[in-house]
Amino acid sequence: PKTHGSLGLLVVGIGGANGTTLLAGILANRRSLTWAGPQGQSQAANYNGCITQLKQRGIHGGVGYADKIRGLADASMAAVGGWDIRPARLGD
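Residues numbered from 1 in each chain as written. Predicted model: local features only at pLDDT ≥ 70, side-chain atom pairs only at ≥ 80, totals over all residues. Heavy atoms only, no water.

**Quick word on the pattern of salt bridges**
Using the following cut-off: Should a side-chain nitrogen of Lys or Arg be within 4 Å of a carboxyl oxygen of Asp or Glu, the pair is scored as a salt bridge. Each residue is assigned to one of three classes by its accessible area relative to the maximum for its type, calculated with a 1.4 Å probe on protein chains only: buried under 20%, partly exposed between the two thresholds, exposed over 50%.
Summed over all chains, the structure comprises one salt bridge. Where Arg86 meets Asp84, a salt bridge forms, and the shortest distance between an N and an O atom there is 3.3 Å. Arg86 sits in the partly exposed class, given a relative accessible area of 48%. Here Asp84 falls in the partly exposed class, since its relative accessible area comes to 22%.

Here it is as structure tokens:
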């Protein structure tokens, strides 16, 4: 993404389950990926479960913070870097 205004994330252990899931989620949302679900229904990448990226919902606002706190970074604009103890490349 652009470098001006991006959020930098440094992930220790980026080759592990949490690091690769974080990176895959950011890339899927950045590229607006879609796929066929188990029954053939269309699915799309989203940030459901990431409370900093969700807007408030429901009568009392729910758990979303994206429209409640000004200045929260858009996760799709994150520049992700990191290292891991294993020498394998991500995706191997």
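From this point, the discussion proceeds with the structure in view.
**What about helix H1 (residues 17-30)?**
What counts here: Numbering of helices and strands starts at the N terminus; helices are DSSP runs of H or I of at least 4 residues and strands are runs of E of at least 2. By this rule, a helix spans an expected 1.5 Å times one less than how many residues it contains. The contact criterion used is simple: two residues touch if any of their non-hydrogen atoms lie within 4.5 Å.
Between its first and last C-alpha, H1 extends 20 Å over 14 residues, near the 20 Å set by a 1.5 Å rise per residue. Considering only its buried residues, H1 is in contact with strand E1 (7-12) and strand E4 (78-83). A positive backbone phi angle near 50° is found at Ser32, which sits one or two residues after H1.

**What to know about the environment of Ile26**
Along the polypeptide, Ile26 turns up in helix H1. Between the alpha carbons of Ile26 and Tyr47 there is a distance of 8.7 Å; along the sequence they are 21 residues apart. The residues contacting Ile26, other than those within four sequence positions of it, are Leu9, Tyr47, Ala75, Ala78 and Val80.

**Overview of a nonpolar patch on the surface**
Selection rule: Here, patches come from residues exposed beyond 30% relative accessible area and free of salt bridges, joined within 9 Å for like charges and within 5 Å for nonpolar side chains (Val, Leu, Ile, Met, Phe, Trp, Tyr). All accessible-area figures derive from a Shrake-Rupley calculation using a 1.4 Å probe, and residue coverage is judged against the displayed protein chains alone.
Together, Ile51, Val63, Tyr65, Ile69 and Leu72 give the surface a local cluster of nonpolar side chains, amounting to about 410 Å² of exposed area. The residue Ile69 is located in the loop between strand E3 (42-44) and E4 in this model.

**Structural notes on the side chain of Ser76**
With respect to the secondary-structure elements, Ser76 resides in the loop between E3 and E4. On the accessibility criterion, Ser76 (13% relative accessible area) is buried. Apart from residues lying up to four places away in sequence, Ser76 is in contact with Asn29, Arg30 and Tyr47.

**Details of the environment of Gly15**
Note that Gly15 resides in the loop between E1 and H1. Residue Gly15 is classed as partly exposed on the basis of its relative accessible area of 29%. It is 8.3 Å that separates the C-alpha atoms of Gly15 and Ile85, two residues lying 70 residues apart in sequence. Setting aside its immediate chain neighbours within four residues, Gly15 contacts Thr20, Asp84, Arg86 and Leu90.

The values reported here are purely geometric and, on their own, carry no functional implication.
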